[in-house]
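Commentary on secondary and tertiary structure
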Amino acid sequence: MPTLFRRGEFHAFAGDGAPYLYLVPSAAVFRLDDASVAVLDAIGDRDIAPADLARSLSDRFPLPDVKSAIEELVRIRAVKAFEAPVNPPIAPAPVVAAPMVTPPKKRVPLTTLVVNVTSKCNLSCTYCYEYGEDKITEASTKPRFMDEATAKQSVDFLFAESGDQQSVNLTFFGGETLLNYKVLKVALAYARERGAELGKRVEASLTTNGTLLRPEIIDWLAENDVGVTVSMDGNKEQQDQFRVFKNGMGSYDTIAPNVKDLLSRKMRRPVGARVTLTKQNLDVVSIYRHLADEMGFYEVGFAPVTTSWQRDYAIQDEGFFAMLEQFQFLAAEYLEFALAGKRHRFSNVRDTLEEIHKGLSKSHPCGAGMGLMGVATDGDVALCHRFAGSDTHKLGTVSGGVDRALQDDYLTRHHIESKTDCSKCWARPLCAGGCYHEAHTRYGDTQHANLHYCEWIRSWTNTCLEVYGAIAEKRPEFLQQFD
Ligand code: SF4
Ligand code: SF4
């Protein structure tokens with residue numbers, strides 16, 4: 001049977017004008033030389049015989065160069081070589097069965113436990129997934145505050161599930177996390193004590209709305225090396241649109257002085273801001289300027305609000321486009337900074353560059369239900385913090401452990417190979433269908449691919465690939481930080 005060549009699965013992009021491929025099967029980035037570009041162009045969208053391919057390039061490249069380019073492209077799977085059947089029999093189209101996915105053979109150890117120490121909050125943000133119109137938790141049947149015993153059991157659960165990991169991450173979350181400062185303090189002291197006995201390092205962090213960052217709490221955070229993320233949406237006008245107290249009063253004037261105090265302290269772990277973007281608050285660049293340049297956050301990360309599409313604040317198509325343009329503006333600035341040896345604080349691009357550099361190819365969109373789990377105030381264990389308290393997304397309890405049958409079933413159903421919508425998408429090694437919570441909110445089904453933002457994800461991933469390629473061309477040593 002004659003051999004034919006066909007293009008493999010890749011996404012072509014340019015890094016500072018140089019041709020690159022993002023290879024879908026391996027999630028690797030590959031720089032092309034002139035002969036390789038010509039080979040791929042000559043193959044185009046058809047199947048071609050080796051002799052025809054060589055002949056079509058013979059006036060531009062010596063034969064040995066074409067041969068070695070083809071060999072290399074086949075090796076990296078940018079070109080597929082296959083045997084073409086002679087006079088293939090006409091057969092009825094095969095019935096395509098749903099792909100069978102087996103759960104990962106090796107259990108992924110738990111490395112991050114997000115402990116919801118309270119479901120209560122002193123703010124009343126309109127878009128909140130805990131209290132807002134899209135809430136999925138059965139908060140009313142659970143205690144509003146986690147008690148000390150459950151917090152300690154959560155710590156024991158994390159160590160027990162962490163296998164032979166030498167380091168674990170304990171993250172406190174809410175509601176407003178600091179409303180249960182008393183218990184999280186006890187939990188961290190206990191974790192550090194048990195960690196020392198077990199020879200495991202404990203990295204601690206928390207997310208707060210910033211309203212309760214009193215000086216003594218800031219002292220404790222600094223002394224205990226607790227990483228802090230402040231949920232903040234920008235300057236006064238931007239923040240006060242949605243991040244309001246129960247009486248409707250904006251929270252900026254309460255939070256800003258606390259944050260300034262926090263940022264003036266010497267913290268081993270850098271303090272970041274996490275911004276929720278809504279249809280009414282999409283001026284990413286001005287939010288960034290305020291939080292990074294004026295307030296001095298070490299890094300600023302943005303995420304579109306997770307909500308059903310009918311909500312007034314949901315970002316729709318044109319909003320995703322506007323958001324993309326602003327992300328691209330900051331990504332270009334990030335590149336400029338990187339080439340000049342300066343640190344830029346836009347964490348969305350940094351995080352994606354790291355994933356690209358590490359060649360991450362995700363079986364699942366995030367670690368939820370594997371290396372990351374969330375705990376509700378009563379000790380129920382869920383996929384992640386956003387599902388903590390939801391009985392339908394429960395995987396076990398901190399006292400009884402993980403229900404392995406539930407976990408395996410969940411991992412099987414959510415594997416990227418089970419998402420037929422994503423099977424032809426070049427961005428799937430990095431996206432893998434997107435956040436389960438977003439899917440649940442948009443489609444009522446955690447298994448559903450987040451098809452409402454595919455164009456945005458692909459465009460943003462392409463932008464990050466271009467930034468990556470440009471850095472690789474001009475200042476490759478910058479990328480060593482991601483090794
Ligand atoms: S959700 Fe969309 S962008 Fe993400 S992998 Fe699936 S098809 Fe691709
Ligand atoms: S499911 Fe969504 S919210 Fe939960 S960890 Fe994954 S990406 Fe984050």
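Residues numbered from 1 in each chain as written. Chains lettered and ligands numbered in written order. Predicted model: local features only at pLDDT ≥ 70, side-chain atom pairs only at ≥ 80, totals over all residues.

Taken domain by domain, the protein consists of domain 1 (3–83) and domain 2 (112–409). With centres defined by C-alpha atoms, the gap from domain 1 to domain 2 works out at 43 Å. Taken together, the contact pairs 4 residues of domain 1 with 4 residues of domain 2. Residue composition of the side of domain 1 that touches domain 2, grouped by class: 3 nonpolar, 1 polar and no charged. (Domains from an automatic or database assignment. Contact = placed C-beta atoms within 7 Å. Nonpolar A, V, L, I, M, F, W, Y, C, P; charged D, E, K, R; others polar.)

Here the focus is the sheet that holds strand 14 (residues 394–397). Spatial ordering of the open sheet is given by 11-10-9-8-7-6-12-13-14-15, a layout of 10 strands whose pairing is mixed. Bordering the open sheet on either side are strand 11 (299–304) and strand 15 (401–402), each of which pairs with just one other strand. Where strand 6 (residues 112–116) lies against strand 7 (residues 167–173), 5 bridges are found, and the strand directions are parallel. Each bridged residue has a counterpart across the sheet, and for Leu113 the counterpart in strand 7 is Leu170. Sitting on the sheet, helix 5 (residues 181–198) touches strand 6, strand 7 and strand 8 (201–208), and the angle it makes with strand 8 is about 165°. Along the sheet face, helix 9 (residues 284–295) touches strand 10 (272–277) and strand 11 and points at about 145° away from the line of strand 11. (Pairing = 2+ DSSP bridges. Helix = DSSP H or I, 4+ residues; strand = E, 2+ residues; numbered from the N terminus. Axes fitted to C-alpha atoms, helices over the stretch in contact; angles between N-to-C directions.)

The topology assignment puts Ala376 in the loop between strand 12 (372–375) and strand 13 (380–382). For Ala376, a count of 28 C-beta atoms within 10 Å corresponds to the buried category. Note: C-alpha distance between Ala376 and Phe173 (203 residues apart in sequence) is 9.8 Å. Beyond its immediate stretch of four places on either side in the chain, Ala376 contacts Asn116, Lys142, Ala382, Ala388 and Gly389. (Buried ≥ 20, exposed ≤ 12 C-beta atoms within 10 Å, placed from the backbone.)

A word on helix 4 (residues 148–161). Counted at 1.5 Å a residue, the expected span for helix 4 with its 14 residues is 20 Å, and the 20 Å between its end C-alpha atoms agrees. Of all the residues in helix 4, the buried ones are Thr150, Ala151, Ser154, Val155, Phe157, Leu158, Phe159 and Glu161. On its buried face, helix 4 is in contact with strand 6, strand 7, helix 5, strand 12 and strand 15. Of the residues trailing helix 4, Gly163 is marked for its positive phi of about 55°. (Expected span 1.5 Å × (residues − 1).)

Most of strand 9 (residues 226–231) sits out of view: 5 of its 6 residues are buried. Traced from strand 8 through helix 6 (residues 215–223) to strand 9, the parallel crossover comes out right-handed. Bridge count between strand 9 and strand 10: 3 bridges; the pairing is parallel. Each residue of the ladder has a partner; that of Thr229, found in strand 10, is Gly272. (Right-handed = clockwise from strand over helix to strand, strands pointing away.)

As a further point, take the sheet that holds strand 3 (residues 18–23). Strand order in the open sheet formed by 3 strands is 2-3-4, with antiparallel pairing between adjacent strands. At either end of the open sheet lies a strand with only one pairing partner, and these are strand 2 (10–15) and strand 4 (28–31). Averaged over neighbouring strand pairs, the angle between their axes works out to 30° when direction is ignored. Bridge analysis of strand 3 against strand 4 gives 4 bridges, and the strand direction is antiparallel. Residue Tyr22 lies in a different strand from strand 4, and its bridge partner there is Val29. Helix 15 (residues 454–474) contacts strand 2, strand 3 and strand 4 of the sheet and is inclined by roughly 50° relative to strand 2.

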